[in-house]
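Architecture and fold: a report
Chain by chain, the residues run as shown.
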Amino acid sequence: GEHKDQQYNSVTTPIYPTSTFYWNSLESHSGYDYTRSSNPGRKALEESLAALEGGAGCVATSTGMSAVHCAMALFSPGDHIIAPSDLYGGTFRLFERFLKERGLSFTFVDMTQLPAVASAFTPQTRAVWIETPSNPLLKVVDIAAVAALAREHKAVSLCDNTFLSPYLQRPLDFGVDMVLHSTTKYISGHSDVVGGAVVTRNPELGLAMHEWVKNTGAAPSPFDCWLALRGLKTLALRMERHSSNALKVAQWLESHHDVTAVNYPGLASHPDHAVARSQMSDFSGMLSFQIGDTALAKAVAMNTRIFMLAESLGGVESLIGYPTLMSHGCMSEEERVERGVHPNLLRLSVGIEDA
């Protein structure tokens, strides 16, 4: 998807900032007619992401949440979806507060416990939503095992791969049907664009995703696609640095007397470390940790010098987040505590600065 300029041999994919393309005749055009439907730069990004994930098709979207919504458009009122209990707050909000009102039903389970996943299936189950590592507790789901359960029940399996990127994990290789990204995060990598993507195992699902984006207008702009493509050029280098830095930070935190728990799959002490090693080539830059009490957690969040207090993740700069009021602020206190998102929990997106 990188080399799209056969006319002038530009080494970067050109930006086509046009809303429409003129037709050669009433019967033919260049392959593009309107940017809501497709655009050469967007097509380049989609081809590149599909290749990186090993998929047959990909559709780019305007945001990560529009990618989630795009994937959920496959399902109809009455359908049942199994999802992880500790998934990203924005996804939870879409499922529980929006799609539930439109006739879908959801069961939230701890997906690290395969018996719990198996027992959640009903005759109406049409999909299993996987998020691994989870946000913000960094639990690791056995992708192959959960995807196999979904196939056994003739359900679609979907995996949010945002925390790792295709450089560190390729869920399609483990039997998943669809992979989702917030390209805002590691794929773009510079905190300067929002976007999403859905990569599919088979072309038919890919066409269905393209139709949804075309008909709802959830397409990204040409410039946003160019920024995401630019980010992909340094993805490998950045992910290696994010991972090495995060491991050092996690090890330091684990030895700190005020820290009561560190959630990072790269630590041998992590309960899912063996599963993580089996399906991840490295452990990325995301971690979370708990400290003594709520007041201390808030003080740490407000007084870091290198880490900036901010939403989002995956950029070259280091960010610290307070999930209770940020990524999971849409949940009630009861919902958060039930899922292990306590008020003394902090989340780090470790950047590429000097460790």
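Relevant structure appears above.
Residues numbered from 1 in each chain as written. Predicted model: local features only at pLDDT ≥ 70, side-chain atom pairs only at ≥ 80, totals over all residues. Heavy atoms only, no water.

**Some thoughts on the overall build of the protein chain**
Here is the rule: Secondary structure elements are taken from DSSP: a helix is a run of H or I of four residues or more, a strand is a run of E of two residues or more, and numbering for both begins at the N terminus. Only the C-alpha atoms count toward the radius of gyration. The rule for a globule is 2.2 Å times the residue count to the power 0.38. The method behind every accessible area is Shrake-Rupley, applied with a 1.4 Å probe, and residues are considered shielded solely by the protein chains displayed. The convention is simple: Lys and Arg are positive, Asp and Glu are negative, and His and the chain ends are not counted. By convention, the point assigned to a charge is CZ for Arg, NZ for Lys, CD for Glu and CG for Asp.
Within the protein chain one finds twelve helices and twelve strands. Against the globule reference of 20 Å for 355 residues, the protein chain gives a C-alpha radius of gyration of 20 Å, in line with a compact fold. Over its C-alpha atoms, taken along the principal directions, the protein chain stretches across nearly 70 × 50 × 35 Å. Working note: accessible area of the protein chain is about 15,200 Å², and carbon and sulfur atoms make up 54% of it. Each charge class in the protein chain can be summarised by its mean position, and for the 27 positive and 36 negative side chains these summaries are 2 Å apart.

**A closer look at the nonpolar core**
Condition: To qualify as a nonpolar core, a set must consist of buried Ala, Val, Leu, Ile, Met, Phe, Trp, Tyr and Cys residues joined through side-chain atoms within 4.5 Å. Each residue's exposure class comes from its accessible area (1.4 Å probe, protein chains only) as a fraction of the maximum for that residue type: buried when under 20%, exposed when over 50%, partly exposed otherwise. The contact rule is simple, with two residues in contact once any of their heavy atoms fall within 4.5 Å.
Ranked by internal contacts, the top residues of the largest apolar core, which has 64 residues, are Met-111, Leu-287, Phe-289 and Leu-348. The element that contributes the greatest number of residues to this core is helix H9 (residues 235–254), accounting for six residues. Apart from the residues within four sequence positions on either side, Met-111 is in contact with Ile-82, Ala-83, Pro-84, Val-117, Val-128, Trp-129, Ile-130, Val-141 and Val-146. In terms of nonpolar packing, the next biggest core, distinct from the first, is built from 30 residues, Val-68, Ala-83, Leu-87 and Phe-108 among them.

**Structural notes on the sheet that holds strand S9 (residues 286–291)**
Basically, it comes down to this: A pair of strands is treated as paired once DSSP finds two or more bridges between them. Comment: axis = line fitted to C-alpha atoms, over the contacting stretch for helices; angle = value between 0 and 180 degrees taken between N-to-C directions.
In space, the five strands of this open sheet follow the order S8-S9-S12-S11-S10, with mixed pairing throughout. Two strands bound the open sheet, and with one partner strand each, they are strand S8 (259–263) and strand S10 (308–309). Relative to S9, H9 is tilted by about 10 degrees, and along the sheet it contacts S8, S9 and strand S12 (345–349).

**As for the sheet that holds strand S7 (residues 196–200)**
Strand order in the open sheet formed by seven strands is S1-S7-S6-S5-S4-S2-S3, with mixed pairing between adjacent strands. Of all strands in the sheet, those bounded by a partner on one side alone are strand S1 (57–61) and strand S3 (105–109). Averaged over all neighbouring strand pairs, the angle between strand axes comes to 20 degrees, with direction disregarded. Pairing of strand S2 (residues 80–84) with strand S4 (residues 125–131) involves three bridges; the strand directions are parallel. Bridging from a neighbouring strand, Ile-81 pairs with Ala-127 of S4. Here helix H1 (residues 40–53) sits on the sheet and contacts S1, strand S6 (178–181) and S7; the angle it forms with S1, its principal contact strand, is near 130 degrees. Where helix H2 (residues 64–72) meets the sheet, its contacts fall on S1, S2, S3, S4, strand S5 (156–160), S6 and S7, and the angle it forms with S6 comes to roughly 155 degrees.

**As for the packing of H2 against helix H3 (residues 89–99)**
When two helices pack together, you describe them by how their axes are tilted relative to each other and by the distance separating the axes. Condition: For this classification, under 35 degrees means roughly parallel, over 145 means roughly antiparallel, 65 to 115 means roughly perpendicular, and everything else is oblique. Crossing handedness is read from the near helix: turned anticlockwise from the far helix by less than a right angle, it gives a left-handed crossing, and turned clockwise, a right-handed one. For this scheme, ten residues count as nonpolar: Ala, Val, Leu, Ile, Met, Phe, Trp, Tyr, Cys and Pro. Four count as charged, namely Asp, Glu, Lys and Arg, and the remainder, Gly too, count as polar.
With their axes 10 Å apart at the nearest point, H2 and H3 run at an angle of 45 degrees to one another. Between H2 and H3, the interaxial angle falls into the category oblique. When you trace H2 past H3, the crossing you get is right-handed. Counting all contacts with H2, which are made through Met-65, Val-68, His-69 and Met-72, the residues of H3 involved are Gly-90, Thr-91, Leu-94, Phe-95, Phe-98 and Leu-99. Grouping the constituent residues of the contact of H2 with H3 by class yields seven nonpolar, three polar and no charged.

**Observations concerning the pattern of salt bridges**
Quick note on the threshold: For this document, the term salt bridge refers to a Lys or Arg side-chain nitrogen within 4 Å of an Asp or Glu carboxyl oxygen.
Scanning all chains against the criterion turns up nine salt bridges. With a shortest N-O distance of 3.0 Å, Arg-42 and Glu-46 are connected by a salt bridge. Here Arg-42 pairs with Glu-46, and both are found in helix H1, just four residues apart, close to one helical turn. This pair shows no difference in class: Arg-42 is buried, exactly as Glu-46 is.

**Let's talk about helix H5 (residues 143–152)**
Our working rule: Here the arc refers to the set of directions running from the helix axis out to each C-beta atom.
Those residues of H5 not exposed but buried are Ile-143, Val-146, Ala-147, Leu-149 and Ala-150. The arc that holds the buried residues of H5, viewed along the axis, is 155 degrees, so those residues lie on one side. Buried residues along H5 sit against helix H4 (114–119), S4, S5 and helix H10 (273–279). Following H5 by one or two positions, Lys-154 adopts a phi angle in the positive range, close to 55 degrees.

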